[in-house]
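Each chain is listed here by its residues.
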Amino acid sequence: MNHPAELKYASTHEWVRIEGDLVVTGISDHAQDALGDLVYVEAPDLDSHITAGEQAGVVESVKTASDIHAPVSGVVVEINPDLEDDPDFINDDPYGKGWIYKIKPDNMADVEKLLSNTEYEAGL
């Protein structure tokens, strides 16, 4: 499994990357591998406020559906438009083209409360 050290992780299998004052969010390599080939992604609504730990969307695969949880609280400011036509970007490149949405966090310090890659992997 590939879990880059520069990212932070939630125990619910989401990752985050800080880009300026935004937090980019997706699901981990472990999560996409466990789900199998993704066929649909339901991201949170643009401009909606999401709360850390609560459901923010859904990913569906040929095997099952799984909730996406918000890793931090904040306002959704961008959704990856490419996933509507090609949800398999998450399978092919979960940390690049497979990002799901971007959040303007209520408190950027909340990112530091998430897991490092070694802490995340230890819980798998």
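These numbers come from a predicted model, not from an experiment.

Rules of the game
- Residues numbered from 1 in each chain as written.
- Predicted model: local features only at pLDDT ≥ 70, side-chain atom pairs only at ≥ 80, totals over all residues.
- Heavy atoms only, no water.
- UniProt positions renumbered as here; feature names shortened; annotations may be inferred.
- Helix = DSSP H or I, 4+ residues; strand = E, 2+ residues; numbered from the N terminus.
- Polar contact = N/O pair within 3.5 Å; in protein donor to acceptor, adjacent residues only side chain to side chain.
- Pairing = 2+ DSSP bridges.
- Contact = heavy atoms within 4.5 Å.
- Salt bridge = Lys/Arg side-chain N within 4 Å of Asp/Glu carboxyl O.
- Axes fitted to C-alpha atoms, helices over the stretch in contact; angles between N-to-C directions.

## Some points on the UniProt feature "modified residue: N6-lipoyllysine" (unreviewed entry) in the protein chain
According to UniProt, the "modified residue: N6-lipoyllysine" (unreviewed entry) feature falls on Lys63. Looking at where Lys63 falls in the secondary structure, it is placed in the loop between β6 (55-61) and β7 (65-69). Within the local environment of Lys63, its side chain forms a polar contact with the backbone oxygen of Ala34, the two atoms lying 3.1 Å apart.

## A look at the UniProt feature "domain: Lipoyl-binding" (unreviewed entry) in the protein chain
Residues given the UniProt feature "domain: Lipoyl-binding" (unreviewed entry) here are residues 22-104. Secondary structure content for residues 22-104 is 13% helix and 42% strand, and the end C-alpha separation is 5 Å.

## Things to note about the sheet that holds strand β3 (residues 22-27)
The 6 strands are arranged β1-β2-β3-β9-β8-β5 in an open sheet whose pairing can be described as antiparallel. Each edge of the open sheet carries a strand with a single partner, namely β1 (8-9) and β5 (49-50). Here strand β8 (residues 74-79) pairs with strand β9 (residues 101-105) via 5 bridges, running antiparallel. Across the sheet, Val76 pairs through a bridge with Ile103, a residue of β9.

## Overview of unusual backbone geometry
You will see that His13, though not glycine, has its phi angle at about 80°, which is positive. Mapped onto the fold, His13 is located in the loop between β1 and β2 (14-19). The phi dihedral of Asp47 falls on the positive side, at around 70°, and the residue is not glycine. Tracing the chain through its elements places Asp47 in the loop between β4 (38-42) and β5.

## Here we look at the side chain of Ser73
Relative to the assigned elements, Ser73 resides in the loop between β7 and β8. A polar contact of 2.8 Å, which involves the side chain of Ser73, links it to the backbone nitrogen of Ala52. Other than its neighbours up to four places away in sequence, Ser73 contacts His49, Ile50, Thr51, Ala52, Ile103, Pro105 and Asp106.

## Re the pattern of salt bridges
One side chain can pair with another of opposite charge once the charged atoms of both are near each other. Counted by the stated rule, this structure contains 6 salt bridges. Measuring nitrogen to oxygen at the nearest pair gives 2.8 Å for the salt bridge that ties Lys104 to Asp21. Within this pair, whereas Lys104 is found in strand β9, its partner Asp21 is found in the loop between β2 and β3, the two being separated by 83 residues in sequence. Close ionic contact of Lys113 with Asp110 constitutes a salt bridge, the shortest N to O distance being 3.2 Å. In this structure, a network of salt bridges that share partners links the residues Arg17, Glu19, Glu78 and Lys102.

## Some remarks on the sheet that holds β4
On the basis of which strands lie adjacent, the open sheet formed by 3 strands has the order β4-β6-β7 and antiparallel pairing. The sheet is open, and its two edges are formed by β4 and β7, each paired on a single side. Ignoring which end each strand starts from, the neighbouring axes of this sheet average 20° apart.

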